[in-house]
Amino acid sequence: YEKSEHKNIATHKINYFLEYIRAQLHVPTTSINEEFYNFVALRSGNTLEDVQQLFKEIETIQHSQATSKEQLISLNTLIENFKKKRS
């Protein structure tokens, strides 16, 4: 984080989050589409809108060359909020 490698950190966070979805929610992450969003929302206790917002942020980060500190903080907040609703 101190080296400002935000893209690298965000990529690792996304990979760990996808593993969390596979392991904890038992939802495959090979095809991320509307059906996937619905399954994740149902199994996690999150709203469909929250799930879509989180994955929109993930997609934005994955398709960008660099990630800002603000994007990394936003991603982290969305993931933490997602996990809180599940417990």
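Residue indices begin from 1 for each chain and proceed along its sequence in written order. Since the coordinates come from a predicted model, pLDDT governs what is reported: local features require at least 70, and pairs of side-chain atoms require 80 or more to be given and counted, while whole-chain, interface and lining totals use all residues. Values shown for side chains rest on all heavy atoms present in the structure; no hydrogens or waters enter the calculation.

Student: Pulling in residues and values, what's your account of the environment of Tyr37?
Tutor: Strands are runs of DSSP state E lasting at least 2 residues, helices are runs of H or I lasting at least 4, and numbering of each runs from the N terminus. For Tyr37, the position within the fold is in helix α2 (residues 34-44). Assessed through its relative accessible area of 12%, Tyr37 is described here as buried. Counting along the chain gives 12 residues from Tyr37 to Glu49, while the straight-line C-alpha distance between them is 9.0 Å. Note on definitions: a residue-residue contact is assigned when non-hydrogen atoms from the two residues lie within 4.5 Å. With residues near it in sequence (within four places) discarded, Tyr37 still touches Ile32, Leu48, Val51, Gln52 and Phe55. For every residue, the accessible area obtained with a 1.4 Å probe (protein chains only) is divided by the maximum for its type, and the residue is called buried under 20%, exposed over 50%, and partly exposed between those limits.

Student: Could you give an account of the packing of helix α1 (residues 6-24) against helix α4 (residues 69-86), with specific residues and numbers?
Tutor: Running from amino to carboxyl end, α1 crosses α4 at an angle of 15°, the nearest separation of the two axes being 9 Å. Regarding the angle of α1 to α4, the classification is roughly parallel. Crossing angle aside, the handedness with which α1 passes α4 is left-handed. Two secondary-structure elements touch here, α1 through His6, Ile9, Ala10, Lys13, Ile14, Phe17, Tyr20 and Gln24 and α4 through Lys69, Leu72, Leu75, Asn76, Ile79, Phe82, Lys83 and Arg86. Each residue belonging to the contact of α1 with α4 can be placed in one class, and the counts come to 9 nonpolar, 3 polar and 4 charged. The axes are straight lines fitted to the C-alpha atoms, using for helices just the contacting stretch, and the angles between their N-to-C directions are given from 0 to 180°. Any angle between 65 and 115 degrees counts as roughly perpendicular, while under 35 counts as roughly parallel, over 145 as roughly antiparallel, and the rest as oblique. The crossing is said to be left-handed when, going from far helix to near helix, the turn is anticlockwise and less than a right angle, and right-handed when the turn is clockwise. The residue classification treats Ala, Val, Leu, Ile, Met, Phe, Trp, Tyr, Cys and Pro as nonpolar and Asp, Glu, Lys and Arg as charged. All others, Gly included, are polar.

Student: Could you give an account of the pattern of salt bridges, naming the residues involved and the relevant values?
Tutor: A pairing counts as a salt bridge when a side-chain nitrogen of Lys or Arg comes within 4 Å of a carboxyl oxygen of Asp or Glu. Taken as a whole, this structure holds 2 salt bridges when the rule is applied. Between Arg22 and Glu19 there is a salt bridge, with its nearest N and O atoms 3.0 Å apart. Taken as a pair, Arg22 and Glu19 lie in helix α1 at a separation of 3 residues, close to a single helical turn. For Arg22, a relative accessible area of 35% gives the class partly exposed. For Asp50, the salt bridge is made with Lys85, and the minimal N-O distance between the two is 2.5 Å. Of the two residues, Asp50 is situated in helix α3 (residues 48-62) and Lys85 in helix α4; the sequence distance between them amounts to 35 residues. Overall, the relative accessible area of 42% leaves Lys85 in the partly exposed class.

Student: Can you explain the packing of α2 against α4? Please cite residues and give values.
Tutor: Packing of α2 against α4 leaves a shortest axis separation of 8 Å and a crossing angle of 55°. When the axes of α2 and α4 are compared, the pair comes out oblique. On the side of α2, the interface is formed by Val40, Arg43 and Ser44, while α4 contributes Phe82, Lys85 and Arg86. Taken together, the residues of the contact of α2 with α4 sort by class into 2 nonpolar, 1 polar and 3 charged.

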